There are 2 protein chains.
Amino acid sequence: MNKTIEQLLAHRSIRKFTNQAIPQSTLETLIACGQAAATSSNVQAVTVVHVTDINKRARMVKLSGGQSYVASSGAFLVYCADMNRPKWACENQGGTYAAGMTEQFIIATVDVALAAQNTVIAAESLGLGICYIGGLRNDPQQVADLLRLPDYVYPVFGLCLGYPDQDPEVKPRLPLNAVLMTNQYDASVFPENVSSYDQTVRQYYKTRTGGKKDSTWSEEMKALVGKESRVHMQEFLRQRGFLQK
Amino acid sequence: MNKTIEQLLAHRSIRKFTNQAIPQSTLETLIACGQAAATSSNVQAVTVVHVTDINKRARMVKLSGGQSYVASSGAFLVYCADMNRPKWACENQGGTYAAGMTEQFIIATVDVALAAQNTVIAAESLGLGICYIGGLRNDPQQVADLLRLPDYVYPVFGLCLGYPDQDPEVKPRLPLNAVLMTNQYDASVFPENVSSYDQTVRQYYKTRTGGKKDSTWSEEMKALVGKESRVHMQEFLRQRGFLQK
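Residues numbered from 1 in each chain as written. Chains lettered and ligands numbered in written order. Predicted model: local features only at pLDDT ≥ 70, side-chain atom pairs only at ≥ 80, totals over all residues. Heavy atoms only, no water.

Caption draft 1: Geometry of the overall build of chain A. Helix and strand counts for chain A stand at 11 helices and five strands. A compact globule built from 245 residues would reach a C-alpha radius of gyration of about 18 Å, and chain A, at 20 Å, matches this within 12%. Oriented by its inertia axes, the alpha-carbon framework of chain A measures out at about 60 × 45 × 40 Å. Put simply, of all contacts in chain A between residues at least 6 apart along the chain, 79% involve residues at least 24 apart. Of the roughly 9300 Å² of accessible surface on chain A, 46% is carried by carbon and sulfur atoms. Between the averaged position of the 25 positive side-chain charges in chain A and that of its 22 negative side-chain charges there is a distance of 5 Å. (Helix = DSSP H or I, 4+ residues; strand = E, 2+ residues; numbered from the N terminus. Rg over C-alpha atoms; globule rule 2.2 N^0.38 Å. Contact = heavy atoms within 4.5 Å. Areas by Shrake-Rupley, 256 points an atom, 1.4 Å probe, with all protein chains shown as cover. Lys, Arg positive; Asp, Glu negative; His and termini not counted. Charge placed at Lys NZ, Arg CZ, Asp CG, Glu CD.)

Given below as structure tokens:
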């Protein structure tokens with residue numbers, strides 16, 4: 001155990017921020033930390049759009065399903081998977097870009113997540129709170145239009161950063177045995193582990209909501225993956241130049 | 001600046017490890033740190049297969065294109081995007097799994113990368129070194145067979161962990177201005193920024209290789225994205241139950 005590990009284990013999303021701004025120099029340090037993350041073949045397929053325009057912030061609140069902290073957080077960043085920059089470099093060298101590869105989509109999406117998580121860890125080490133905004137994928141075409149994203153770039157998620165104005169509990173996770181396996185996948189651990197976790201989650205919600213929310217992880221998974229979600233994503237990505245082959 | 005930020009900025013991949021083992025309790029702490037990362041709707045679509053079997057490690061070296069440290073590192077983890085566990089929970093509640101959604105593929109892949117990066121930061125805070133192994137996607141079907149991965153699970157990358165037996169330089173990254181934009185995407189910054197970075201990269205390689213390697217970022221991008229790569233990925237993922245719609 002050390003301070004870094006304690007910090008990682010203490011993570012919780014923050015959805016209420018003070019109106020204290022984040023200095024530009026701090027923001028740049030956080031982005032530099034993101035850049036320092038591993039990147040596949042040094043492709044660095046990450047572009048971060050810092051949204052400071054209040055009208056664009058307000059639009060982003062709507063596009064992400066009414067999450068008000070997208071406007072009220074100290075900073076709002078849109079993390080984009082960006083194959084346009086390596087394409088530009090390739091063409092500048094006289095090459096022809098091999099567009100649409102699923103492998104490139106994976107590389108760029110993973111690059112984005114690694115960089116964002118580094119920025120998150122750096123931010124939390126400075127006392128900031130964060131919240132990822134997957135809701136930007138509700139209407140990614142409008143996000144792309146608003147930020148004038150070119151082809152071969154897509155918004156993976158947003159990230160709110162700011163000084164916390166709340167102190168929520170850490171959300172419990174699945175038992176380690178349900179996610180760490182040795183030498184081969186073993187689904188036989190699910191019944192016991194998921195059942196025990198279901199009760200942990202139920203208790204967590206009851207405590208947090210004063211008894212109002214009564215739900216288990218399994219029930220939430222049924223609601224989440226028991227129906228189709230963001231059905232536009234494949235077509236959107238193909239039109240952007242991703243996942244074509 | 002603080003110690004966490006200094007650590008993040010000092011990251012470099014390690015490809016040579018001492019033969020010191022990583023205690024199981026340390027490994028479990030590292031995985032718990034990964035679990036503490038943000039996860040979309042708490043789906044926790046991450047399964048980590050710890051490969052201890054020496055025959056499987058040897059096979060993984062071959063499957064990843066001959067990267068010997070896949071066998072010689074203190075630990076080798078395969079990070080899997082896992083929609084099989086939420087599917088199991090959904091069905092256990094009487095639901096019907098909505099398979100094949102591209103959105104789910106994004107969620108699971110991002111979940112994996114966030115968790116892995118937390119584990120990496122925790123590992124490095126303990127003096128361990130790491131190396132991501134994207135090469136597992138060279139032949140992901142064989143990896144899946146070797147680890148008996150069920151449908152709706154795919155290996156995103158491997159991760160070598162161990163005590164470093166080398167001390168490489170930090171690799172320079174693109175100028176901040178090339179990746180951090182304000183309110184809208186702006187490709188006009190590329191010519192100047194990429195050109196200056198090309199020279200930085202050339203100098204970095206020259207110094208590191210005693211003049212042997214003479215290449216720029218743009219030249220490497222031409223080689224990387226100027227041709228198709230891992231052309232099997234789309235079909236592999238569809239057969240696994242991903243990216244079908």
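Caption draft 2: Structural context of helix H11 (residues 233-240) of chain A. Buried within H11 of chain A we find Met-233, Gln-234, Phe-236, Leu-237 and Arg-240 of chain A. Projection of H11 of chain A onto a plane perpendicular to its axis shows the buried side chains occupying an angular sector of 165 degrees, all on one side. Where H11 of chain A is buried, its residues touch helix H6 (102-125), helix H7 (140-146) and strand S4 (153-162) of chain A together with helix H6 (102-125) of chain B. Phi turns positive one or two residues past the end of H11 of chain A, at Gly-241 of chain A, with a value near 100 degrees. (Buried < 20%, exposed > 50% of the residue type's maximum accessible area, 1.4 Å probe, protein only. Arc of directions from axis to C-beta.)

Caption draft 3: The arrangement of the interface of chain A and chain B in detail. Contact with chain A, which involves 111 residues of that partner, is made by 111 residues of chain B. Summing both partners gives a buried area of about 9800 Å² for chain A against chain B, and 63% of it is carried by carbon and sulfur. Looking at the side of chain A facing chain B, the largest losses of area belong to Arg-173, Asn-183 and Tyr-185 of chain A, adding up to 8% of the total buried there. On the surface where chain A and chain B come into contact, there are six salt bridges. Here Arg-137 of chain A ties to Glu-103 of chain B by a salt bridge, and the two come within 2.8 Å at their closest N and O atoms. At the junction of chain A and chain B, the tally comes to 56 residue pairs in polar contact (both at pLDDT 80 or more). The element contributing the most residues to the side of chain A that touches chain B is H6 of chain A, with 15 residues. (Buried area = accessible area lost by both parts, 1.4 Å probe. Salt bridge = Lys/Arg side-chain N within 4 Å of Asp/Glu carboxyl O. Polar contact = N/O pair within 3.5 Å; in protein donor to acceptor, adjacent residues only side chain to side chain.)

Caption draft 4: Quick peek at the side chain of Asn-42 of chain A. Topologically, Asn-42 of chain A is positioned in the loop between helix H2 (24-35) and strand S1 (46-50). A distance of 2.9 Å separates polar atoms of two side chains, one belonging to Asn-42 of chain A and the other to Arg-173 of chain B. For Asn-42 of chain A, the residues in contact, after removing those within four places along its chain, are Lys-171, Arg-173, Tyr-197, Trp-217 and Met-221 of chain B.

Caption draft 5: Up close: the environment of Glu-219 of chain A. Along the polypeptide, Glu-219 of chain A turns up in helix H10 (residues 217-225). Under the relative-accessibility criterion, Glu-219 of chain A is labelled partly exposed at 31%. With 160 residues separating them along the chain, Glu-219 of chain A and Arg-59 of chain A place their C-alpha atoms 32 Å apart. Ignoring any residue separated from it by four or fewer positions in sequence, one finds Glu-219 of chain A in contact with Arg-202 and Asp-214 of chain A together with Gln-93 of chain B.

Caption draft 6: Examining the pattern of salt bridges more closely. Enumeration according to the criterion identifies 20 salt bridges over all chains in this entry. A salt bridge links Glu-103 of chain A to Arg-230 of chain B, with the nearest nitrogen and oxygen atoms 2.7 Å apart. Residue Glu-103 of chain A is located in helix H6, and its partner Arg-230 of chain B is located in the loop between helix H10 (217-225) and helix H11 (233-240); the two belong to separate chains. Note on Arg-230 of chain B: relative accessible area 23%, which makes it partly exposed. Among the charged side chains, a network of salt bridges with common partners joins Glu-103 of chain A together with Arg-137 and Arg-230 of chain B.

Caption draft 7: Layout of the sheet that holds S4 of chain A. Here we have five strands laid out as an open sheet, ordered S3(A)-S4(A)-S2(A)-S1(A)-S5(B), and mixed in their pairing. Two strands in the sheet have a free side with no partner beyond their single neighbour: strand S3 (129-133) of chain A together with strand S5 (180-182) of chain B. Neighbour to neighbour, the strand axes of the sheet diverge by 25 degrees on average, direction disregarded. As defined by bridge partners, S3 of chain A adjoins S4 of chain A across five bridges and the pair is classed as antiparallel. Bridge assignment links Ile-130 of chain A to a residue of S4 of chain A, and that residue is Leu-161 of chain A. Sitting on the sheet, helix H5 (residues 84-92) of chain A touches S1, strand S2 (75-82) and S4 of chain A, and the angle it makes with S2 of chain A is about 45 degrees. (Pairing = 2+ DSSP bridges. Axes fitted to C-alpha atoms, helices over the stretch in contact; angles between N-to-C directions.)

Caption draft 8: View of the relation of the copies chain A and chain B. When chain A is fitted to chain B, the best match, at an RMSD of 0.0 Å, comes from turning it 180 degrees and sliding it 0.0 Å along the axis. Accordingly, the operation relating the two chain copies is best matched by a two-fold axis. By residue overlap, the copies meet face to face through one surface: 100% of the interface positions of chain A are interface positions in chain B. (Least-squares fit on C-alpha atoms with pLDDT ≥ 70 in both.)

Caption draft 9: Representation of the domain arrangement of chain A in the model. What the domain assignment reports for chain A is domain 1 (3-168 + 228-240) and domain 2 (176-214). In this structure, domain 1 of chain A and domain 2 of chain A have C-alpha centres spaced 29 Å apart. (Domains from an automatic or database assignment.)

Caption draft 10: How the structure looks around the sheet that holds strand S4 (residues 153-162) of chain B. Spatially, S5(A)-S1(B)-S2(B)-S4(B)-S3(B) is the arrangement adopted by the five strands of the open sheet, whose pairing is mixed. The sheet is open, and its two borders are formed by strand S5 (180-182) of chain A together with strand S3 (129-133) of chain B, each paired with just one other strand. Pairwise comparison of adjacent strand axes, ignoring direction, gives a mean angle of 25 degrees for this sheet.

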